[in-house]
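Observations on the three-dimensional arrangement
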Amino acid sequence: MDQLILCGKLYDGIRDELQEQMEILIRGDTIEAVGRGLPCPEHTRRIDLRHLTVTPGLIDAHVHGNILRWQEMDHILNQSEGYFTLAYLHTAQRCLERGFTSIRVNGLGPTGFGAIDCRQLINRGFFAGARMVVGCHSLGCPGMPADMSMYVSANPLLSDQAQPSFVGSGPDFFANQVRREIKYGSDFIKIFLSGSFLSPDGGPEVCYLSEEELRAIIQTAHDLRKPVTAHVYPGQAMRRLLAMEIDGMEHGALMDEETARLFENSGAYLVPTFAPYQDIIEENEAFIHRLTADAQAKLRRYAPLLRASRQVIRDSSIRLGFGSDFCSVHQPYESCYEYRSWMRSGMGAFRTLKAATSVNAGILGIADQVGTVEPGKRADLAGWHRDLLQDPDALFECDFVMKDGVRCAAGNRVVE
Ligand SMILES: [Zn+2]
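Since we're looking at a predicted model, the values are computed, not measured.

1. Some words on the coordination of the zinc ion
- The zinc ion binds to the protein through His62 (NE2), His64 (NE2) and Asp325 (OD), with metal-donor distances spanning 2.1 Å.
- All donor residues of the zinc ion come from one chain, and their arrangement in sequence is H-x1-H-x260-D. Of this pair, His62 sits in strand 6 (residues 58-63) while Asp325 sits in the loop between strand 14 (319-320) and helix 11 (336-344), and the two are 263 residues apart along the sequence. Residue His62 shares its accessibility class with Asp325, and that shared class is buried.

2. Considering the state of the cysteines
- The tally for this structure, following the rule as stated, stands at zero disulfides.
- With no disulfide of its own, Cys95 has Cys336 as its nearest cysteine by sulfur position, at a separation of 10 Å.

3. Observations concerning the nonpolar core
- Ranked by internal contacts, the top residues of the largest apolar core, which has 91 residues, are Met132, Ile189, Leu241, Met249, Met255, Phe263 and Tyr339.
- Counting residues per element, this core draws most heavily on helix 1 (residues 81-97), at eight residues.
- Shared between two domains, this core takes at least three residues from each, and those domains are domain 1 (3-56 + 371-408) and domain 2 (58-364).
- When neighbours within four sequence positions are excluded, Ile189 is seen to be in contact with Leu139, Val178, Glu181, Ile182, Ile217, Ala221, Pro227, Val228 and Thr229.

4. A short note on the sheet that holds strand 8 (residues 131-135)
- An order of 6-7-8 is seen for the three strands of this open sheet, with the pairing classed as parallel. Edge positions in the sheet fall to strand 6 and strand 8, since each of these pairs with one other strand and no more. The mean inter-strand angle of the sheet, taken between neighbouring strand axes irrespective of direction, is 15°.
- The pairing of strand 7 (residues 100-106) with strand 8 spans five bridges and is parallel. Within strand 8, the residue paired with Asn106 across the bridge is Gly135.
- Along the sheet face, helix 1 touches strand 6, strand 7 and strand 8 and points at about 145° away from the line of strand 7.

5. Considering the packing of helix 11 against helix 12 (residues 349-364)
- Contact geometry for helix 11 and helix 12: axes closest at 9 Å, N-to-C directions at 145°. The chirality of how helix 11 crosses helix 12 is right-handed. Along the contact surface, helix 11 presents Tyr339, Trp342 and Met343, while helix 12 presents Ala349, Arg351, Thr352, Leu353 and Ala355.
- Across the contact of helix 11 with helix 12, the residue classes tally to six nonpolar, one polar and one charged.

6. Re the side chain of Asp2
- Here Asp2 shows up in the segment before strand 1 (3-10).
- In terms of polar contacts, Asp2 uses its side chain to reach the side chain of Arg27, at 2.8 Å.
- Residues contacting Asp2, with those up to four places away along its chain left out, are Leu25, Ile26, Arg27, Pro41, His43, Thr44 and Arg45.

7. Brief notes about the layout of surface pockets
- Looking at the largest pocket, its volume works out to about 460 Å³.
- Taken together, 31 residues make up the lining of the largest pocket; nearest its centre are Met73, Leu198, Ser199, Cys327 and Ser328.
- Ranked by residue count, the leading element in the lining of the largest pocket is helix 10 (residues 293-315), at three residues.
- Tallied by class, the residues present in the lining of the largest pocket amount to 17 nonpolar, nine polar and five charged.
- Roughly 270 Å³ of internal volume is contained in the second largest pocket.
- Those elements that provide at least two residues to the lining of the second largest pocket are helix 2 (114-123) and strand 17 (406-408).
- Taken together, the residues that form the lining of the second largest pocket break down as six nonpolar, four polar and four charged.

8. Examining the domain arrangement of the protein
- Domain assignment breaks the protein into domain 1 (3-56 + 371-408) and domain 2 (58-364).
- Taking only C-alpha atoms into account, the centre of domain 1 sits 30 Å from that of domain 2.
- On the side of domain 2, 26 residues touch domain 1, which itself brings 30 residues to the contact.
- Taken over both partners, the interface formed by domain 1 and domain 2 buries close to 2,100 Å², and the fraction arising from carbon and sulfur atoms is 67%.
- Considering only the surface of domain 1 that becomes buried against domain 2, Leu395, Phe396 and Lys403 emerge as the three largest contributors, covering 27% of it.
- Taken together, the connections running from domain 1 to domain 2 amount to four salt bridges.
- Lys354 is the salt-bridge partner of Asp16, the closest N and O atoms lying 3.5 Å from each other.
- Connecting domain 1 to domain 2 are twelve residue pairs in polar contact (both at pLDDT 80 or more).
- Breaking the side of domain 1 that touches domain 2 down by element, the ones donating at least two residues are strand 5 (45-56), strand 15 (381-384) and strand 16 (400-403).
- By residue class, the composition of the side of domain 1 that touches domain 2 is 16 nonpolar, five polar and nine charged.

What counts as what
Residues numbered from 1 in each chain as written. Predicted model: local features only at pLDDT ≥ 70, side-chain atom pairs only at ≥ 80, totals over all residues. Heavy atoms only, no water. Donors = N, O, S within 2.8 Å, 3.2 Å for Na, K, Ca; no water. Helix = DSSP H or I, 4+ residues; strand = E, 2+ residues; numbered from the N terminus. Buried < 20%, exposed > 50% of the residue type's maximum accessible area, 1.4 Å probe, protein only. Disulfide = S-S within 2.5 Å. Core = buried A, V, L, I, M, F, W, Y, C linked by side-chain atoms within 4.5 Å. Domains from an automatic or database assignment. Contact = heavy atoms within 4.5 Å. Pairing = 2+ DSSP bridges. Axes fitted to C-alpha atoms, helices over the stretch in contact; angles between N-to-C directions. Left-handed = near helix turned anticlockwise from the far one by under 90°. Nonpolar A, V, L, I, M, F, W, Y, C, P; charged D, E, K, R; others polar. Polar contact = N/O pair within 3.5 Å; in protein donor to acceptor, adjacent residues only side chain to side chain. 1 Å grid on protein atoms, 1.4 Å probe; cavity = no way out; pocket = protein on both sides within 12 Å on 5 of 7 lines; lining within 4 Å. Points joined across faces, edges and corners; volume = space filled by probe spheres on them. Buried area = accessible area lost by both parts, 1.4 Å probe. Salt bridge = Lys/Arg side-chain N within 4 Å of Asp/Glu carboxyl O.

Encoded structure:
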């Protein structure tokens, strides 16, 4: 049956405006027409959303869905692949309820390839959940953030046994790992270049991969027609990656002017993941105290640089994607906090919405299917009663979700 959606306001993922009294005609899983006063064929189901602002289904480009609760992150070595797979499914369901109809999963830890199964089963309609674009594991070296055996490094015998198979050294090792990730179904390759604020490694300015290893990863992935993105912080490391024609980067939270200019001219994207640094930037002690002592110390030391970097990113014209990166403080599906961070950072509502829709669709490689409300695109939509242009917390309450033309349960169910 055809469906006609009556919008209060419409953000279409293209124009920097909210259009009034627009209608969307849907046939099956596809948008047939968008406009005012559309002809309404017989037997069309009318869905009245005149009290809501309708947007494309939103997209989160940096989700760690392999844990059920952020509080379990430190126990990741104790979980089975079965647990990770179910956690991915849970995350995809919770994201969908919150209006995020597509997510890019950045693997973290020895999760196995269960995310691929989740992606397939959701695509085949066995489970309602956000569409998943998956990078199963984050490749890197011993001692880097995704080497979860770091958590038992006080016992080298145990730690060596617990070191994940995608952690290693040398160009041949990484070329093989890239082929393996793609063989088993990863849509993109994620690497850890820098250390991190949150895990017990050398910190955000340490770089773990050599020039030869980076080249082997990027070249092998590109030979196999898959994009590469990197977890990275310092400007000097980002400039190395840009010179190697990497497709994009995550975080970039120690951005400087020189690097921003190179970024702007490169065409590479940056998913800046503002939310994990928002609490230290705003000196929100209640949330900072939830972190480990090591993470708190690193964040406090870098707070001035994080604030300066945020302004450099805001004032740049880098191609920015929207990604929440929650593996601490907030649950992995609470992408609404990333919207709050963009709004409180002065990014502007339309720039934020565009990042979370059409820009992200390009980053995920699915711009031909989703990210905008226009004829021919899949009928992925979300509806919101709060003011998207003024209210930083507007995404905290989702009122309507449709994916592939099927109306889904909307809400913000908290599972603690
Ligand atoms: Zn991350």
